[in-house]
Every structure is written in structure tokens, then in C-alpha cells.
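# Overview (structure and organization)
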Amino acid sequence: ADAKEVLWGVHEWLGLKQRRMFLPLDLLIVLVERGFAPLSSVVAEGTEGAVPPSDVLPRLRALADEIEEETSAEEPTFERSYFSRGFTRILAEAGEQSRAREDRLIREEDLTRSVLWRAEAVESASVRWAIRRLGEGGGDRIFNEKGLLREEIFHASTWEVLQGSM
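Summary of the structure given here. (Residues numbered from 1 in each chain as written. Predicted model: local features only at pLDDT ≥ 70, side-chain atom pairs only at ≥ 80, totals over all residues. Heavy atoms only, no water.)

Now for the overall build of the chain. Per the secondary structure count, the chain includes eight helices and zero strands. Starting at the N terminus and ending at the C terminus, the chain contains elements arranged as α-α-α-α-α-α-α-α. Counting all 166 residues of the chain, 37% fall into the buried class. Looking at the chain alone, contacts between residues at least 24 apart form 65% of all its contacts between residues at least 6 apart. Total accessible area on the chain is roughly 9,800 Å²; 52% of this is exposed by carbon and sulfur atoms. (Helix = DSSP H or I, 4+ residues; strand = E, 2+ residues; numbered from the N terminus. Buried < 20%, exposed > 50% of the residue type's maximum accessible area, 1.4 Å probe, protein only. Contact = heavy atoms within 4.5 Å. Areas by Shrake-Rupley, 256 points an atom, 1.4 Å probe, with all protein chains shown as cover.)

Here it is in C-alpha cells:
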């Protein structure tokens, strides 16, 4: 598929969110929406089991709402100043991949491969932030709904040591 469709998808997503800055997180969301399942799996792995792959997309969408950018009624534009450094690097890497194939056009697969590599390497700040935030739910195994340590998961002697250190 054409990478232009993906970029217009990100453009539309940003318009819905009333944001203008193109972030790797936005690209990740659009690619997952378009059905690239391996991205969901890689993100889910990064949460160390806190989020199953089937929950990644709705959770990423919710996290995107937390991005602090002044809302704008103006549509996002494809100007360099509106692309984060991470997004720009993804585009550059995708371009390198297309040239390696001796193709002058960047394809969706090129973008997907670049995002996948970055998600695996957790290089992008917004992807790193999203994975970290998704993983915060993993504490549910250690802490109860009141935010207290679950005594039942500790050996009695360990629990005594924890109690003594408080």
C-alpha cells in the first residue's frame, strides 16, 4: 500500500485530536488500526504482560489523549516543523528501505518496518512513554486496588522484612 495513505491517516487522526505535531505514537496507532498485528504484539511484549495485544490499540488511543499539545482548530500540515525528530527519522529510514529496493516510492511496509524496529528498540520517546504507561498496569499483580502491597504473594519472612523496613 501507498505510504501516502498512511500519512493521510495520521493527518486525519491528528485532526480528530485537534493536534498538529506528527509523533511516532500517532503513526503507531494508525498502522495498528490498519491491521498490522506484529506491532501490537511488540508493544504488548514491552509492557511485560500488563497489556495483551488485543488491548494495545484502545489503550494507545487513550494515551494519545494525554499528550500535552495546545489544541488547534487548524488542520495539521505536512510541513517539516510539524514532524517530531522521531517521526522524521522514521521517514528517513523508510526512504532508505525503498532505495535499497530500488524503488523511488516509500511504501506502507517501509513505514511499518521502521516503526517496528523503533518499537523493538524503544527508541522513540513517545513510543517509549506509551509502552511505559501501558506497563504501569503491571503493578496490579504486586499491589491491590487500594495501592497496598499484596501480602499473599510474599513469603512470611519476606513480609516481615518488608514490614520492618517501613
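After presenting the structure, the write-up continues.
Glancing now at helix H5 (residues 85-100). End to end, H5 covers 22 Å across 16 residues, agreeing with the expected 22 Å (1.5 Å per residue, within 8%). Within H5, the full set of buried residues consists of Gly86, Phe87, Ile90, Ala94, Gly95, Gln97 and Ser98. Just downstream of H5, glutamate 102 is the residue with a positive phi angle, here 60°. (Expected span 1.5 Å × (residues − 1).)

Under the defined criterion, the tally for this structure stands at 10 salt bridges. Lysine 17 is the partner of aspartate 65 in a salt bridge, and the nearest nitrogen-oxygen pair spans 2.6 Å. Taken as a pair, aspartate 65 in the loop between helix H4 (53-64) and H5 and lysine 17 in helix H1 (residues 3-17) lie far apart in primary sequence, 48 residues in all. For the salt bridge of glutamate 108 with arginine 34, the shortest nitrogen-to-oxygen distance reads 2.7 Å. Of this pair, glutamate 108 sits in helix H6 (residues 108-121) while arginine 34 is found in the loop between helix H2 (24-33) and helix H3 (37-46), placing the two residues 74 residues apart along the sequence. (Salt bridge = Lys/Arg side-chain N within 4 Å of Asp/Glu carboxyl O.)

What follows concerns H2. Here H2 lies mainly inside the structure; nine of its 10 residues are buried. All of the buried residues along H2 are Pro24, Leu25, Asp26, Leu27, Leu28, Ile29, Val30, Leu31 and Val32. Two residues or fewer after H2 comes glycine 35, characterised by a positive phi angle close to 100°.

Another point: the nonpolar core. With 35 residues, the main nonpolar core has Leu25, Leu27, Leu28 and Leu60 as its most contacted residues. Of all the secondary structure elements, the ones that give two or more residues to this core are H1, H2, H3, H4, H5, H6 and helix H7 (125-135). The element that contributes the greatest number of residues to this core is H2, accounting for seven residues. (Core = buried A, V, L, I, M, F, W, Y, C linked by side-chain atoms within 4.5 Å.)

The next point concerns the packing of aromatic side chains. Counted according to the given criterion, the structure contains six aromatic pairs. Here tryptophan 8 and phenylalanine 78 contribute two aromatic rings whose centre-to-centre distance is 4.8 Å and whose plane-to-plane angle is 90°, an arrangement assigned as edge-to-face. Of this pair, tryptophan 8 sits in helix H1 while phenylalanine 78 is found in the loop between H4 and H5, placing the two residues 70 residues apart along the sequence. Tryptophan 8 gets classed as partly exposed once you look at its relative accessible area, which sits at 49%. For phenylalanine 78, a relative accessible area of 37% puts it in the partly exposed group. Between phenylalanine 22 and phenylalanine 78 the ring centres are 5.6 Å apart and the planes differ by 40°, which places this aromatic pair in the tilted class. Taken together, the positions of phenylalanine 22 in the loop between H1 and H2 and phenylalanine 78 in the loop between H4 and H5 put the pair 56 residues apart, joining distant regions of the chain. The exposure class of phenylalanine 22 is buried, given its relative accessible area of 0%. These aromatic residues form a ring-pair network of at least three members: Trp8, Phe22, Phe78, Phe83 and Phe87. (Phe/Tyr/Trp six-rings, centres within 6.5 Å; stacked < 30°, edge-to-face > 60°.)

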